[in-house]
Amino acid sequence: SRLRRIGMMLSSCHSHCHLPLVDVKGFDPCDVSVTVRDGRVTVSAEHKEEHNTVLGKTCNYRKFMKEFSLPPGVDDDEVTYSV
């Protein structure tokens, strides 16, 4: 399954050339933030939707965060990513 493949990729991140794939499905690219600091990569996403209905106001809020360590020897400044 797709989730199993993603989990396998995350678990096998030992190569200096490849970093894990993080699934941020359901978030717009502008909702996603990636930071690289002190040998750690943090991927976070946050989305808030508000709707006015006849009965009142509803709010849907989603937040996601995944953090992992870079392989040994990888410099923070060498990391590239895309959404």
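Relevant structure appears above.
Note that this is a predicted model, so its numbers are computed, not measured. (Residues numbered from 1 in each chain as written. Predicted model: local features only at pLDDT ≥ 70, side-chain atom pairs only at ≥ 80, totals over all residues. Heavy atoms only, no water.)

K.L.:
When you look at the pairing of strand β1 (residues 32–37) in this model, what are you seeing that I'm missing?
P.N.:
Consecutive side chains along a regular strand alternate between the two faces of the sheet. Note that β1 and strand β2 (residues 40–53) share six bridges and pair antiparallel. The residue bridging Thr35 from the neighbouring strand is Thr42, located in β2. Between the antiparallel neighbours β1 and β2 lie two residues, among them Asp38 with a positive phi of about 55 degrees. (Pairing = 2+ DSSP bridges. Helix = DSSP H or I, 4+ residues; strand = E, 2+ residues; numbered from the N terminus.)

K.L.:
I'm lost on the nonpolar core in this one. Help?
P.N.:
One recurring pattern in soluble globular proteins: nonpolar side chains tend to sit buried together. Judged by nonpolar contacts, Val22, Val24, Phe27, Val32, Val34, Val41, Val43, Ala45, Phe68, Leu70, Val74 and Val79 together constitute the single largest core of twelve residues. Breaking this core down by element, the ones donating at least two residues are β1 and β2. Take this core: its biggest share by element is three residues, from β2. (Core = buried A, V, L, I, M, F, W, Y, C linked by side-chain atoms within 4.5 Å. Buried < 20%, exposed > 50% of the residue type's maximum accessible area, 1.4 Å probe, protein only.)

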